[in-house]
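# A closer look at the structure
Spelled out from the first residue to the last, the chains are:
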Amino acid sequence: MSSDKAELAPPAASAQADVEEEEKKEELVPVTAVAMKLLDMRLKPSGAILASCIGEYTKEKAQEVVVAKAAGVLELYEIHASEDGSVTLKLSQRLETHCILRGLVNVRLTGEKRDLVAVSSDAGALSIVDFTKTTEPNVVVFGKTGCRRATPGQYLCADPKGRAVMVSAVEKRKLVYVLNHATGTTTIASPLEAHRSRSITYATCGVDNGYENPIFACLELQYPEEDADTPNQNKQLAYYELDLGLNHVSRKWATNVHSTGCCLAALPGGQDGPGGIIVGMEDGVSYHHPDLKQPMICAIPRRALDAKNRGILVTQLTVHRQKKSKFFCLAQSEVGDVYKLSLEVKDSKVVTGIQVALLDTLPTATALNVSKRGMLFVASEFGDHGLYQFERIDLPDAPTNKSEQTSVTSMDQWNTSMAVGTAATFTPTMLRNLRKVHSLDNPTPTTGVLVGELAGNEVSPQIYTLAGRGPTSSLRILRHGASVTELAVSELPGIPGNIFTIAHDEGEENAGLSKYIVVSFADATLVLSVGDTVEEVGQESRFKTDAPTLACSSLRGNGGLCQIYPDGLRQIKAGQLRNWECPGLKRVEYSSANPSQALLALAGGEVIYFELDNLTGDLNEMFTKDMGADVCSLDVGTIPSGKSRSLFAAIGCRDQTVKIVSLEPGKFLTQKSSTALKSRPHSVKLQYPDNEQDDIVLMIGLDDGSCLRATVDPVTGAIGASPTRRFLGARPVSVSRIPLEGRSAMLLLSSRPWISRLDPASGKHIMAPLSYAPLDHGCIFSSQAVREGVVATAGKTLRIISVDTAGIEGGEDEAFNTNRVPLRYTPRQMTLLSTSSADQAQQRKVVLAVVESDYNDFGHEAKNSMGFDPTGGQDSKKKDAKKGDDDAMDVDSDDEEAANEAKNEEAEEESDDEDEKAARATPIRGPVPPEPGHWGSCIRLLDPSDSCRTLDCIEMGRNEAALCCTSVRFHTRGGESLLAVGTVTGMTMNPLKQASSHVILYRVVNGDRLQLLHRTTIDDGPVMALAHFQGRLLVGIGKMLRLYEMGKRQLLRKCELRGLPTFVKTLQTAGDRAYFGDLMRSLHLIRYEPGANRLVLVASDPSPRPIVSQELLDWNTVAVGDKFGNVCILRLPRGADTATIDLTGQRALWDSSRDNSIPKLELLCQYYVGEVVTSMTRSSLVAGGAESLIYVTATGRIGALVPFTSRDDVEFFSQLEGYLRSDAPRPTGRDPQAYRSYYAPVMHVIDGDLCSAFNSLSHEKQSAIAEKLDRTVGEIMKKLEDTRNALL
């Protein structure tokens, strides 16, 4: 009956009921968030090196270093020696593998003169990489993907004769591959198993035994079965022999080693040495050989200030072969001390003793590589990687230990107390036997990032990062662009309108160098002569100085000079003047000149062309033409090598067009092509290529602050169809030609200066800004002291600068130059505070506060009381030198010239001393405390507007460590910005406990000093997160959140939220909401209810992510990074905020007992970066540009997640990425999509690194992909470039 009634119900009533029911459903069911699409772009690559090896990879007798970096990058560096004697590391090749690299080893096949590289990774495959071949490497798959303990790949070693390679897992499995070399190709045979059950491998290396069967040494430990009662086994050094005849691997020999043994190195064997293995262990090294009945042990020298009860572990070993069967070994300890190991050998076969001598103190390294020419490459674990030169290797005066001093019958007898009794002691100093010649940037670990224009006088924002650990800690200020060296600055009598330089003629002594600097003002011209000094020239130059100069140039042969001014043209030849006046009342508005030609634009659009007569040396008028529109810019171009004239000229008109006209005889000013623009051309320049086969480059600077780069056909003069446009700044762009490294380049001036140049290696045009103040005008400058410089004007100043091309060599990475501020301890967190200075009370000032702390370290005062010198004696030398100067005899200063010469010599000596000091400097770790729980910490206040100068530094005492900080404005304090710091005292990591915790409040006095207000004791756990919240302070304490108000003597509790999952790690606030990341249980969102004075949980993430960093994107969206290297975007569903759950017990118990009672955050995006994202911020890298999510990783990578703004871009990049997943090279066999989906499937994020691989593909593959995308190859490259340019 009920169904019948329902059928008989009126249609209107039924429809009304359906509508009401649907509305109820909409109120109850949250609306799914709209998907977000992001593009991951790498701005700065990772600096951490996981492994490295040195050899000859591309040519014979070359010195090259291969490094395996984080995020799966293989890089090849050449040790390049310049003509001036300087040695640098130059990047030759970069190989993206899209995997986690695990092992790297040199392989030189029998009979070859070049080296190959064997690579193991998480792809479950072995790769043999040849850097001279463009084809994909030889890849052999042996196991599952991923870093598994039973999948080989963690350890990799090779036979010294290049006959076989062993790949080992952490547990049980070992595989040996035989390498064959036939017909010019390398083949890998089927794997031979060398498994051993219940064994853990710690290290492997190839044993040198000449051309006998290959042997591999393994440091391993066999653990007992779970139910067995057998005692624990000793750690052993085992030999595995590959029988080439039987094609079988067997365990040949084993001996017990010390339980702390962790690294191996093989000595030369066969005809070259005694063979055997050196084992690095705690407090010493041991030598093992099958023919040796008892191993030899030698202690390492110890630091005088180290604790006697604490052992020092040897972590790195390397052996370097010299000529005539000579060799030596280098060992490094965990604190950075490097030792030279010399072996006493009898009859070139039997080792009779070991001698360990201190070489120097270097940063702790992941690898030590010695080249054949006396260079040591140190791949630092923390801090910059260094290339060092050996100054001496014989160390007669160094602290030395000998194996004769140690008498033990078994390895179990060796302990720290025995080592301390026999070890020589020393105090670490600056470098004495090594000299640093070059360094590679390595900001590992990077713990924080901040983006903003804090310098106060720059256009683009700076990137502030916290980097380094211990003595290598620093605050790094990164600016996008190349660094600039300011050589000279002088005042001018007014604001100039333009600047030019005139070079010496080819026949003169200083041909090619600048002879005059011509500065044009509104009604005058200033001529400066360039010599040893720059001096003003009067009427001697014969220039017309009572009128502005529009253009000038030296003329070929005996043509002299030419000057173009508003009333005409003046030629100065052999001291005689030859003038050309404008016809009628017309005036010259724009002009351009080169050594053979001149082009003048008169009012009304009339253009007059002049050309030099090579016979008479006169500059004659050749042709006149009306362009049909007013001219606003023009360029006659330069004269190509081997030519007598420029064949084309570019003319920009006010009708927003640029025309290319011919300058060939008989075709003067004939239009060849034109292009329409969206803005008026402010400046045009033609740049002829260094290679005659390339096209001419037309660079146009527009009034709207953008530039346009197009190609011009060198034969027909046709302008290319797809010009590249880039926005440079808010001012019209001025273009001029300058040389860089002997090649042509362009200087573009807008709100900031830019450089455009052609990369000869890749053939791509590179544009990078200069990290310098805005310039008004600029041109080329060359002198004996500065071969490639720029003379420019800024306001009323004349400046001479030089451009450092270190960051703009080419490649996909952006150019950043870095300024560093050294710190005392590892930086943990930073925050900005707004305050006012004492001198200008009304002027607001922004200061930067940084908290620093180091675990297992003494404080600054404790180190000073112990007599520790972190500079290694450099400060004491400086003091002694200063004291010597003070004690010097006073002399009469009648001879001023002699005094000035003495001052100049002293200045040069000081400069040399600074260079020598930098080459000898090395980071030195402080004394190691005898027991855990010791901390060194401080709070530092910096001024960003003054190059981050330290204003105040407060040292924390009593093992107290500052871990977090924030800026807070209490309503009870009138909104004054205070610094809140969370500290722990006596904290230990295992087990995790602390003696006490505090929240300390400071106020900034006079903008340059911290004043303590009070400290509040926290009893419920360590304080790891702080945030300002509605005029109060929200504190994350262990498993709770607590809200504090400020009191007179301490902070006052207002409310708290207990029962949180594990640990509050990150904390942010917005409005009445707080967003906190849990150490193991992902992100949670809470809300404060002021009426009930309580914190209630709004939503949480159902996935258990171990949060490391987070950034609030909007009111409902948060980006998080976890400790596995994933980045996720989470969003609160619409309507979920209404169903909040109170965990304090004030609501019904069953409301919070259900699993689905708390609304869940939705996952919008997910992406595996490959490195742990330690900090992120939402910001724009260009003033007025769109915001992106800027992130930094633990290994120093800086990247950006850029949101897409159009559906066309999403489709283009999605399709391009899809095609590249199959067409891009796979050096290790790893699938790019599987790599980006390491822990969870990638979601709505495009891999920018994979998309940029399109530029490195062969032309055939590029054309095939372009055809699938229905675009041209040039359009795809332009799209990729424009996308990157939009970010920067």
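Now for a quick tour of the structure. Please read these numbers as outputs of a predicted model, since none were measured by experiment.

## Here's the deal with the sheet that holds strand E50 (residues 631-635)
Read across the open sheet, the four strands follow the order E50-E51-E52-E53; overall the sheet is antiparallel. The open sheet has two free edges, formed respectively by E50 and strand E53 (670-676), since each of these has just one partner strand. Direction aside, neighbouring strands of the sheet carry axes that sit 20° apart on average. In terms of strand pairing, E50 meets strand E51 (residues 648-653) through four bridges, oriented antiparallel. Residue pairing across strands places Asp 635 opposite Ala 650, the latter belonging to E51.

## Here's the deal with the environment of Ser 1214
Here Ser 1214 is to be found in helix H7 (residues 1207-1223). Separated by 31 residues in the primary sequence, Ser 1214 and Val 1245 have C-alpha atoms spaced 9.1 Å apart.

## Quick notes on the sheet that holds strand E87 (residues 1188-1193)
What the five strands build is an open sheet, ordered E86-E87-E88-E1-E89; its pairing is mixed. The strands lining the two open edges of the sheet, one partner per strand, are strand E86 (1173-1179) and strand E89 (1245-1247). When the angles between neighbouring strand axes are averaged without regard to direction, this sheet yields 30°. Across six bridges, strand E1 (residues 38-44) lies against strand E88 (residues 1198-1203) in antiparallel orientation. By the bridge assignment, Asp 40 is partnered in E88 with Leu 1201. Those strands touched by H7 are E1 and E89, and its axis lies near 50° from that of E89. In the packing of helix H11 (residues 1273-1287) onto the sheet, contacts are made with E1, E87 and E88, and the angle to E1 comes to roughly 75°.

## Concerning the side chain of Ser 679
Along the chain, Ser 679 turns up in the loop between E53 and strand E54 (681-687). A relative accessible area of 9% places Ser 679 in the buried class. A polar side-chain atom of Ser 679 sits 3.4 Å from the main-chain amide nitrogen of Asp 704. Ser 679 has contacts with Gln 656, Leu 702, Asp 703 and Asp 704, leaving out every residue within four places of it along the chain.

Cut-off values and rules
Numbering of residues starts from 1 in every chain and runs along the sequence as written. It should be noted that, the model being predicted, local features are given only for residues of pLDDT at least 70 and side-chain atom pairs only at 80 or more, the latter also being counted only at that level, while totals for whole chains, interfaces and linings use all residues. Think of the side-chain values as coming from all heavy atoms in the structure, minus any hydrogens and water. Strand pairing follows a simple DSSP-based rule, namely that at least 2 bridges must link the two strands. A run of H or I in DSSP counts as a helix once it spans at least four residues, and a run of E counts as a strand once it spans at least two, with each numbered from the N terminus. With axes taken as lines fitted to C-alpha atoms, and helix axes fitted only over the stretch in contact, angles between N-to-C directions fall between 0 and 180 degrees. Contacts are assigned to residue pairs with any non-hydrogen atoms lying within 4.5 Å of each other. Using a 1.4 Å probe on the protein chains alone, a residue whose accessible area is under 20% of its type maximum counts as buried, one over 50% counts as exposed, and one in between counts as partly exposed. Residues adjacent in sequence count toward polar contacts only when both atoms are side-chain atoms; beyond that, a polar contact is any pair of N or O atoms within 3.5 Å, and within protein one must be able to donate a hydrogen and the other to accept it.

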